[in-house]
Each structure stands twice: as structure tokens, then as C-alpha cells.
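Structural characterization, general
These are the residues of each chain, in order.
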Amino acid sequence: MSRVKTLQALFKRYRRPGDIVFAWLMLAVSVFLLLQIADQTTWRNGGKLFAQPRFWPAVALTGMTLFAALHLLGSALSERIEGRWQEVWLWIGSLEYAGWFIVYALAVPYSGYLPATVFFAVALGLRAGYRRVWTLLAAAFAAVVIVVLFKSLLKVNLPSGLIYDILPDGIRQFMLVYF
């Protein structure tokens, strides 16, 4: 005996909290991108259709817009469940960590890779709710290991901090090269 008895049961859609908000956002983004295609790409006269610089981006954005509209339609026709705005606030709250990264990337050229990495590792540990000293020391130790791994062993070129300019010459050169 088959597990799916009807075609309608096969395509039954289970709505999630925040689904309609996500559907509207994706439709808005895809329509915006589709409207920008003429300004962002070119059409060459006399070229083959599939070789046109605008063709494949237009196909992708048209598909994105079509499927976003179908997703919105499916969301609108599904039964509503509670928790939409709690889900949306969870999405917005997760953007906080992108802000942490942006501030970290802005701080590295001023404070240096080592001090910024140690500070943000400990600060994010505190933000995540860790309060025990040993846990925060482990975060600081992990940050130092990451800096040594990237800067010394892998020779990744990262901006040196302006704060290194106030160090004595011997220590300054060592910090510039290894940290």
C-alpha cells in the first residue's frame, strides 16, 4: 500500500512561522534585481542569444522572481500559524553578529590583529553568556592560537595596527611580523 494516497497529499505544504514575511522579502528583492538588469548588463547587437551578457542573468532573475511569486502564493493560501513576529525578531537579532564582525574588521587596522581578535573573542564569549573565568581565558587562548596560525604559520598578510607605532622598535618589528 502506498504511503501517499492522493496527489494533493503529496504536495501538501506545511507553513512555518515567518514564512509570509520571508516570501514578501524574497519577491521584493527579486523584483528589484530584475528591474536593475538593464542598468547592470549590456546587450550586444549581432551576437547569439545564449552568448549575450544579459541573457543568463535575466533567466536566473526571472526564475527567481517567478519562484518567489509562487512561494508567496503558496504562503498566502496556507493556513496561518502563530509566531510570525517572534521568528522575524529572531532573524533581526541574528544580524547583530554581522554587526560584531563589521566592528571587528574596522578595529583591526587601528588596534592590530592580535589585540582586536583577543578582545572580540572575549567580548563575544561574554555576549554569548559565558561568565566563568576559565571559559573566557579559553576564548582568549583560542584567539591567540588563531592569530599565530594565520599570521606566523600561514603568512597571511593582515593590516598592522596603528597602535603598534607606539611600541619600541624591537618589539614593534616583532609584532608587525608575527602578530
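Read on for an overview of the structure.

Definitions and cut-offs
- For every chain, the first residue of the written sequence is number 1, and numbering continues from 1 onward in sequence order.
- With pLDDT at 70 or above as the cut-off, local features in this predicted model cover only qualifying residues; side-chain atom pairs require 80 or more to be listed or tallied, and sums for whole chains, interfaces and linings still use all residues.
- Each side-chain value is derived from all of the structure's non-hydrogen atoms; neither hydrogens nor water enter the calculation.
- Under the pairing criterion, centres of Phe, Tyr and Trp rings, with the six-membered ring standing for Trp, must be within 6.5 Å; the plane angle then separates stacked pairs below 30 degrees from edge-to-face pairs above 60, leaving the rest tilted.
- Secondary structure elements are taken from DSSP: a helix is a run of H or I of four residues or more, a strand is a run of E of two residues or more, and numbering for both begins at the N terminus.
- Working definition: with a 1.4 Å probe on protein chains only, accessible area under 20% of the residue-type maximum means buried, over 50% means exposed, and in between means partly exposed.
- The span one expects for a helix is its residue count, reduced by one, times 1.5 Å.
- A contact between two residues is defined here by any heavy atoms of the two lying within 4.5 Å.
- We define a salt bridge as a side-chain nitrogen of Lys or Arg found within 4 Å of a carboxyl oxygen belonging to Asp or Glu.

This brings us to the packing of aromatic side chains. Taken as a whole and judged by the stated rule, the model has six aromatic pairs. Here the aromatic rings of Y104 and F120 are separated by 5.5 Å at their centres, their planes lie at 75°, and the arrangement is edge-to-face. A residue pair is termed long-range when its members are at least 10 positions apart, and Y104 in helix α5 (residues 84-111) and F120 in helix α6 (residues 113-127) qualify at 16 residues. Residues Y104 and F120 agree in their burial class; the two are buried. An angle of 90° between the planes, with centres 5.3 Å apart, marks the rings of F119 and F120 as edge-to-face. Counting every residue linked through ring pairs, the aromatic cluster contains W100, F101, Y104, F119 and F120.

Bringing helix α4 (residues 55-77) into the picture now. With 23 residues, α4 should cover 33 Å at 1.5 Å per step; its first-to-last C-alpha distance of 33 Å lies within 8% of that length. The set of residues buried in α4 consists of F55, L61, G63, T65, A68, L72, G74 and S75. Against the buried residues of α4 lie α2 (19-35) and α3 (37-40).

A word on the pattern of salt bridges. Within this structure, the stated rule accounts for two salt bridges. With its nearest N and O atoms 2.6 Å apart, the salt bridge here joins E96 to R127. You can see E96 sitting in helix α5 and its partner R127 sitting in helix α6, a full 31 residues away along the chain. Given a relative accessible area of 41%, R127 falls into the partly exposed group. For D165, the salt bridge goes to R172, with nearest N and O atoms at 3.2 Å. Residue classification places D165 among the partly exposed positions, given a relative accessible area of 47%. By relative accessible area, R172 is classed as partly exposed at 27%.

Limitation: the analysis is restricted to geometry and does not speak to function.
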